[in-house]
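Structural description and commentary
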Amino acid sequence: MNVDSLLVKVKEIIRIYKLLRLPGGKIVSLPSGKGGVGKTVISLHLSAALSQQGYATAVVDMNFALPNLHSYAGELPNKTVTHYLTGLCKLEELEKVNVKIGNSILHVYPSRSIVDLVRKPQIEKIPELLAYLKDKYDYIILDLAPGVSKYSVYPVKLSDCVFVVTADERASYIDATKISKIFEVSGIKISGYIINKYKKRRDSELENVIYRIPINSGVKKFPEIWNRKYLKSKLVKQFTELAEMVIQIC
Ligand SMILES: Nc1ncnc2c1ncn2[C@@H]1O[C@H](COP(=O)(O)OP(=O)(O)OP(=O)(O)O)[C@@H](O)[C@H]1O
Ligand SMILES: [Mg+2]
């Protein structure tokens, strides 16, 4: 690498560092090795719990090929995160869905699949997106694609806190350990693990498990379980405890 291109690279790193070190909300990401471990439902319920505790909270669909926050939010706006990242709209035009959580409002930022948009997201636009959201919210929860593509690793690298999600099964634990090693060599610090679909049968050798979420088909009932008559449900209590752990750590 010659001096000029090195200088360009260093300037870019400084620009991103300055953007994301601005005072503002915390970016929390929930990556996983294996798919289907429950990142999306945990992102939603954790965001709901934070919102209910009075924090201005946004949950953002960063699963650009197979997004599904919109199916829980009940609406897919015209100008989504992937519209911004593929150059189809400006940051200020981004549309969010307001989801009622008890007496609070959670902001959901869905994505339209890049398969529909037939465009590649520009990874360099992610820091501006996150800086924009940091300015508006206390917590910004990122719902990521599984695995280690650049589209999931880069947002993790820009996050303030990283909680790796694994299901309570051997294959999932193995991949959680692998992804953690990849993060470690990339200079990403993991704040803890969340074990989902916990069966109370076996525990992993993972250290720093911050919460275990049992199997409960009620997780599909978002946002209904946050409505008044369900306020005392087990799941609400558990996700509230998870949120308290996240607040304490992050
Ligand atoms: N604690 C749980 N108990 C029972 N079912 C669960 C639990 N957590 C998640 N599920 C179910 O597992 C399935 C996968 O969940 P989800 O879509 O949140 O996973 P994901 O990690 O986001 O998947 P992907 O990697 O494809 O994005 C869904 O049907 C969801 O309802
Ligand atoms: Mg998902």
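Because the structure is predicted, anything quoted here is derived from the model rather than measured.

Let us look at the site of ligand 1. Lining the immediate environment of ligand 1, one finds 18 residues, of which Gly35, Gly38, Lys39, Thr40 and Val41 sit closest. Residue assignment for the shell around ligand 1 shows that the elements contributing at least two residues are helix 2 (39–52) and strand 7 (192–198). Looking at which element gives the most residues to the shell around ligand 1, the answer is helix 2, with three residues. By residue class, the composition of the shell around ligand 1 is six nonpolar, nine polar and three charged.

Moving on to the pairing of strand 2 (residues 57–62). The side chains of a regular strand alternate, residue by residue, between the two faces of the sheet. Among the six residues that make up strand 2, six are buried, leaving the element largely enclosed by the rest of the structure. Side chains of strand 2 alternate between two faces, with Thr57, Val59 and Asp61 and Ala58, Val60 and Met62 buried alike. Examined bridge by bridge, strand 2 and strand 5 (residues 139–144) share six bridges and lie parallel to one another. When the sheet's bridge partners are listed, alanine 58 is paired in strand 5 with isoleucine 140. In the sheet, strand 2 pairs with strand 4 (residues 104–109) via three bridges, with the strands oriented parallel.

Take the sheet that holds strand 6 (residues 161–167) next. Read from one edge to the other, the open sheet built from eight strands follows the order 3-4-2-5-1-6-7-8, with strand pairing classed as mixed. Of all strands in the sheet, those with a lone pairing partner are strand 3 (97–101) and strand 8 (209–214), marking the two edges. Here the strands of the sheet are splayed against their neighbours by 25 degrees on average, with no regard to which way each runs. Each of strand 2, strand 3, strand 4, strand 5, strand 6, strand 7 and strand 8 touches helix 2; the most contacted strand, strand 5, lies at about 170 degrees to it. Helix 6 (residues 126–134) rests against strand 1 (26–29), strand 2 and strand 5 of the sheet, and its axis sits at about 145 degrees to strand 5.

We now examine unusual backbone geometry. Cis geometry is found at the peptide bond from phenylalanine 222 to proline 223, where omega equals 5 degrees. Position of proline 223 relative to the elements: it lies in the loop between strand 8 and helix 9 (234–249). Backbone geometry at valine 118 places phi at a positive 50 degrees, although glycine is not the residue there. Here valine 118 lies in the loop between helix 5 (114–117) and helix 6. Owing to 8 C-beta atoms within 10 Å, valine 118 belongs among the exposed residues under this scheme. Here the phi dihedral of lysine 197 falls at roughly 55 degrees; this positive angle occurs in a residue that is not glycine. Here lysine 197 shows up in strand 7.

If you look at the biggest cluster of nonpolar residues, it comprises 65 residues, and the most contacted ones within it are Leu46, Val59, Val60, Ile140, Leu142, Ile194 and Phe239. When residues in this core are grouped by element, the largest group, seven residues, is from helix 2. Leaving out residues up to four positions away in the same chain, isoleucine 140 has contacts with Gly25, Ile27, Val28, Ala58, Val60, Leu130, Leu133 and Lys134.

This next bit is on the packing of helix 2 against helix 9. Where helix 2 contacts helix 9, the axes come no closer than 8 Å and their chain directions differ by 75 degrees. In terms of orientation, helix 2 and helix 9 fall into the roughly perpendicular class. Contacts from His45, Leu46, Ala48, Ala49 and Leu50 in helix 2 reach Phe239, Thr240, Leu242, Ala243 and Val246 in helix 9.

Judged from the five bridges that link them, strand 6 and strand 7 form a sheet pairing that is parallel. Looking across to strand 7, one finds that threonine 166 is bridged to isoleucine 195. Handedness of the β-α-β unit built from strand 6, helix 8 (residues 170–185) and strand 7 comes out right-handed. The pairing of strand 7 with strand 8 spans five bridges and is parallel. Its bridge partner lying in strand 8, tyrosine 193 is registered against valine 209.

Let's shift gears to helix 9. Here helix 9 is 16 residues long and its end C-alpha atoms lie 23 Å apart, about the 22 Å a rise of 1.5 Å per residue gives. All of the buried residues along helix 9 are Leu235, Val236, Phe239, Leu242, Ala243 and Val246. Down the axis of helix 9, the buried side of the element spans an arc of 125 degrees, and every buried residue falls inside it. Relative to its buried face, helix 9 has exposed residues pointing more than 90 degrees away, namely Lys234, Lys237 and Gln248. Its buried side turned inward, helix 9 meets strand 1, helix 2 and strand 8.

Rules used in this analysis
Every chain begins its residue count from 1, and numbering advances along the sequence as written. Ligands are numbered from 1 and chains lettered from A, in the order in which they are written. Owing to the predicted nature of the model, reporting of local features is limited to residues with pLDDT of at least 70; listing and counting of side-chain atom pairs is limited to 80 or more, with chain, interface and lining totals taken over all residues. The rule is simple: place the C-beta atom from the backbone, and if it lies within 6 Å of a molecule or strand, the residue is near it. Secondary structure elements are taken from DSSP: a helix is a run of H or I of four residues or more, a strand is a run of E of two residues or more, and numbering for both begins at the N terminus. Residue classes follow a fixed rule: Ala, Val, Leu, Ile, Met, Phe, Trp, Tyr, Cys and Pro count as nonpolar, while Asp, Glu, Lys and Arg count as charged, and any other residue, Gly among them, counts as polar. With C-beta atoms placed from the backbone, the exposure class of a residue follows from how many other C-beta atoms lie within 10 Å of its own: 20 or more, buried; 12 or fewer, exposed; in between, partly exposed. At least two bridges found by DSSP between two strands are what make those strands a pair. In this analysis, axes come from line fits to C-alpha atoms, helices being fitted only over the stretch in contact, and the angle between any two N-to-C directions falls in the range 0 to 180 degrees. In this description, any two residues whose backbone-derived C-beta atoms lie within 7 Å of each other are considered to be in contact. Nonpolar cores are built from buried Ala, Val, Leu, Ile, Met, Phe, Trp, Tyr and Cys residues. These are joined into a set through C-beta atoms within 7 Å. Any angle from 65 to 115 degrees is called roughly perpendicular, while one under 35 is roughly parallel, one over 145 is roughly antiparallel, and all others are oblique. Handedness is read with the strands pointing away from the viewer; a crossover is right-handed when the path from the first strand over the helix to the second is clockwise. Expected span of a helix: the number of residues minus one, times 1.5 Å. Within this analysis, the arc is defined by the directions that extend from the helix axis to the C-beta atoms.

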